[in-house]
Amino acid sequence: MARVRWRNASFIKQYCANCTMAGFRHIANSNLYVVERLFWLICVVCSAIGSYMLISHYERNFVRSAVSIGYESLPSSHKVQFPSLAACEAHTKFKIGDNVLAYVNSLTPNGSAYSTKLEKFIQYILFPSVYMNDIFKNLCPEDCEESAECPKCPQTGMRIMHNQIMTKCNEFFEACEFAHKRFDCCKYFLPLTTPSGNCFMLNSLLNNGRGSPTWFNNELDPLTDIAEMKIVTKRPVEMSILNEEDIPYGTPTKYKMLASKQGEVQISQIFMQTTSNDPDVREIPPEYRECRFPDELLDNTAYKAYSFSTCFTDCYRMYQQMECNCSVFTFMPEAMMNNPDCDLDGLRCLDELNLVTPNEVDLLPWTNGSYPCQCLPSCNEIDFKVVFDVNLPLNHSHPYYVLHVTMPEFATERYRRQSLRTRLDNVVSIGGILGLFLGASILSGIEFVYYFTFRLWNNIRMSPHV
């Protein structure tokens, strides 16, 4: 046993005497005085500690300043893309759709009066914004289920019911124009179930894709084209201006326009600045660059693209699932196997816990709310500003709802996100630190592997057995 230990010590000494890293050969040199060898040992240890501290400091700085955001000028011929739009049917007590009236009548027992409570329940399914606390307790009491004369709220199939009675595209749109040219509304405005209800999305990555036949060509030449979108609808409409990856819901929505009265015309002028990203920004992990690209999806997401708004919705949906084993169906564009839609009992559970509609302040991680969400902004986020907003006097002879969105001028600058350090910078910097303190290189690593694998095995094989 003693001989084996001596052999191992001798092998380590041999490695130190022949390795290319500075200082090690002096430690293993038996011709030097003990004081000299001790001096070199202290130098090597101090150099190793120094390199470790410097590399740790570099890594901490990498986290704090992985990217920088600045301005860059745009040429006058730079093509501009009109923002994505979401047209959602708005709720108004002055206009109730025939589809809602017919569905309520189909659930009302023969001989019973029309149920306004059941109507309000159906309106919540179509327009989640009308939700109020204890709505299911008041509109759909459990003791009503045992009465034959009482209109009964649907127990299950909320998504199916929503799809049956929601307003179809041809029932919603009257006309669409872009740059004074008409286009087919229903070809490009595609339906999507959102927490705001049923919406029709123009150029959304959540239900469409670039290059598809239904992707609208919204590119503008700033020298010749007019940036104006005109939407005319047959129903009250709330239109959101947003990013391609966003949903029209809550605070993350950039800007909303509402036309709730027949003959109403709303005109809005906006100014937008886009964000570009250098290619090597993608090499930096999202937690370091503090943003996510649309294709960097989260686990168990209900959406086809990432954004700050979809992350918030996913987060709150998971809290609903955790508390009541189901989620409101409007938080998922399509049904999910591992996250069932809430039936009436599930909605009552969420209603009791005040989890049907989130309090957005409680979701923010720095507010110490009950349900914090760690959501990063989108890397492609657009900055919208409202320049001018006006509602024209009602034209009672005009039965439609009209929204105008214009961009009177185009941005001459945009934000640019660029990486301060890439993977190659990491390799070069760490290699330089190791080389400065220890004289190490890639060959030093290969040499270490060689000595303690091939060379060690060969020495053991060639040594006489005792």
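Please refer to the structure higher up on the page.
The rules behind the values
- Residues numbered from 1 in each chain as written.
- Predicted model: local features only at pLDDT ≥ 70, side-chain atom pairs only at ≥ 80, totals over all residues.
- Heavy atoms only, no water.
- Helix = DSSP H or I, 4+ residues; strand = E, 2+ residues; numbered from the N terminus.
- Buried < 20%, exposed > 50% of the residue type's maximum accessible area, 1.4 Å probe, protein only.
- Contact = heavy atoms within 4.5 Å.
- Areas by Shrake-Rupley, 256 points an atom, 1.4 Å probe, with all protein chains shown as cover.
- Pairing = 2+ DSSP bridges.
- Phe/Tyr/Trp six-rings, centres within 6.5 Å; stacked < 30°, edge-to-face > 60°.
- Salt bridge = Lys/Arg side-chain N within 4 Å of Asp/Glu carboxyl O.
- Axes fitted to C-alpha atoms, helices over the stretch in contact; angles between N-to-C directions.
- Parallel < 35°, antiparallel > 145°, perpendicular 65-115°, else oblique.
- Nonpolar A, V, L, I, M, F, W, Y, C, P; charged D, E, K, R; others polar.
- Expected span 1.5 Å × (residues − 1).
- Bend = angle between axes of the 7 residues up to and from the residue.
- Core = buried A, V, L, I, M, F, W, Y, C linked by side-chain atoms within 4.5 Å.
- Polar contact = N/O pair within 3.5 Å; in protein donor to acceptor, adjacent residues only side chain to side chain.
- Patch = residues over 30% accessible without salt bridge, like charges linked within 9 Å, V, L, I, M, F, W, Y side chains within 5 Å.
- Left-handed = near helix turned anticlockwise from the far one by under 90°.

### Quick look at the overall build of the protein
Assigned secondary structure in the protein consists of 15 helices and 16 strands. A burial count over the protein gives 45% of its 466 residues as buried. A separation of at least 24 residues holds for 73% of the contacts in the protein among residues at least 6 apart in sequence. Only carbon and sulfur atoms are counted for the fraction: they give 56% of the accessible area of the protein, which is about 25,100 Å².

### Focus on the pairing of strand 7 (residues 197–202)
Among the 6 residues that make up strand 7, 6 are buried, leaving the element largely enclosed by the rest of the structure. Bridge count for strand 3 (residues 84–89) against strand 7 is 4 bridges, and the pairing is antiparallel. Among the inter-strand pairings, Ala87 is bridged to a residue of strand 7, identified as Phe200. Two elements, strand 6 (residues 189–194) and strand 7, share 6 bridges in a ladder whose sense is antiparallel. Within the sheet, the bridge partner assigned to Leu190 lies in strand 7 and is Met201. The turn joining strand 6 and strand 7, which pair antiparallel and follow one another in sequence, is formed by 2 residues.

### Remarks on the packing of aromatic side chains
Applying the stated criterion to the full structure yields 14 aromatic pairs. Between Tyr188 and Phe216, the aromatic rings sit 5.1 Å apart at their centres with planes inclined by 70°, giving edge-to-face as the arrangement. A residue pair is termed long-range when its members are at least 10 positions apart, and Tyr188 in helix 9 (residues 185–188) and Phe216 in the loop between strand 7 and strand 8 (219–220) qualify at 28 residues. We classify Phe216 as buried; its relative accessible area is 8%. Three or more aromatic residues joined by ring pairs form one cluster here, namely Phe82, Phe178, Phe183, Tyr188 and Phe216.

### Comments concerning the pattern of salt bridges
For side chains bearing opposite charge, pairing can occur when the charged atoms are close. The full count for this structure, using the stated rule, is 12 salt bridges. Glu72 is the salt-bridge partner of Arg414, the closest N and O atoms lying 2.6 Å from each other. Highlighted residues: Arg414 in strand 16 (residues 413–419) and Glu72 in strand 1 (residues 67–73), separated in sequence by 342 residues. For Glu72, a relative accessible area of 19% gives the class buried.

### Notes on the packing of helix 11 (residues 308–324) against helix 12 (residues 344–352)
In the contact formed by helix 11 and helix 12, the axes pass within 10 Å of each other and the chain directions differ by 105°. Between helix 11 and helix 12, the interaxial angle falls into the category roughly perpendicular. In this structure, helix 11 contributes Gln320, Glu323 and Cys324 to the contact, and helix 12 contributes Gly346, Cys349 and Leu350. By residue class, the composition of the contact of helix 11 with helix 12 is 3 nonpolar, 2 polar and 1 charged.

### Describing the sheet that holds strand 10 (residues 237–242)
Read across the sheet, 5 strands follow the order 6-7-3-10-11 without closing on themselves; strand pairing throughout is antiparallel. Of all the strands in the sheet, the pair left with one neighbour each is strand 6 and strand 11 (255–259). Direction aside, the axes of adjacent strands within the sheet are offset by 25° on average.

### Notes on helix 15 (residues 442–462)
Counted at 1.5 Å a residue, the expected span for helix 15 with its 21 residues is 30 Å, and the 29 Å between its end C-alpha atoms agrees. At Tyr450, helix 15 shows its maximal bend, which comes to roughly 40°.

### A look at the nonpolar core
Phe121, Ile122, Tyr124, Phe136, Met158 and Met161 are the most contacted members of the largest nonpolar core, which has 57 residues in total. Residue assignment for this core shows that the elements contributing at least two residues are strand 3, helix 4 (98–107), helix 5 (116–126), helix 6 (135–139), helix 7 (158–165), strand 7, helix 11 and helix 12. Residues within four places of Met161 in sequence aside, it is in contact with Tyr103, Phe121, Ile122, Ile125 and Pro154.

### Remarks on helix 12
Those residues of helix 12 that sit buried are Leu344, Gly346, Leu347, Arg348, Leu350 and Asp351. Against helix 5, helix 6, helix 7 and helix 11 lie the buried residues of helix 12. Of the residues flanking the start of helix 12, the one acting as N-cap is Asp343, its side-chain oxygen 3.3 Å from the backbone nitrogen of Asp345. Residue Asn354 follows helix 12 closely and has a positive phi angle near 55°.

### Some words on a nonpolar patch on the surface
Together, Leu38, Leu41, Ile42, Val45, Ile49, Tyr52 and Met53 give the surface a local cluster of nonpolar side chains, amounting to about 710 Å² of exposed area. Position of Met53 among the secondary structure elements: in helix 3 (residues 34–64).

### Concerning the packing of helix 4 against helix 5
Contact pair helix 4 / helix 5: the axes reach a minimum separation of 10 Å and the direction vectors enclose 130°. As summarised for this structure, helix 4 and helix 5 are arranged oblique, according to the angle between their axes. Taken as a pair, helix 4 and helix 5 cross one another with a handedness that is right-handed. Only Leu118, Glu119, Ile122 and Leu126 of helix 5 make contact with helix 4, whose side of the interface consists of Val100, Leu101, Tyr103, Val104 and Leu107. Here the residues of the contact of helix 4 with helix 5 sort into 8 nonpolar, no polar and 1 charged.

### Details of the side chain of Gln266
You can see Gln266 is positioned in strand 12 (residues 265–273). Here Asp389 takes part through its side chain, which lies 3.1 Å from a polar atom of the side chain of Gln266. Once residues within four sequence positions are removed from consideration, Gln266 is found in contact with Tyr255, Met257, Leu258, Ala259, Asp389, Val390, Asn391, Val402, Leu403 and His404.

The quantities given are spatial measurements derived from coordinates; they are silent on function.
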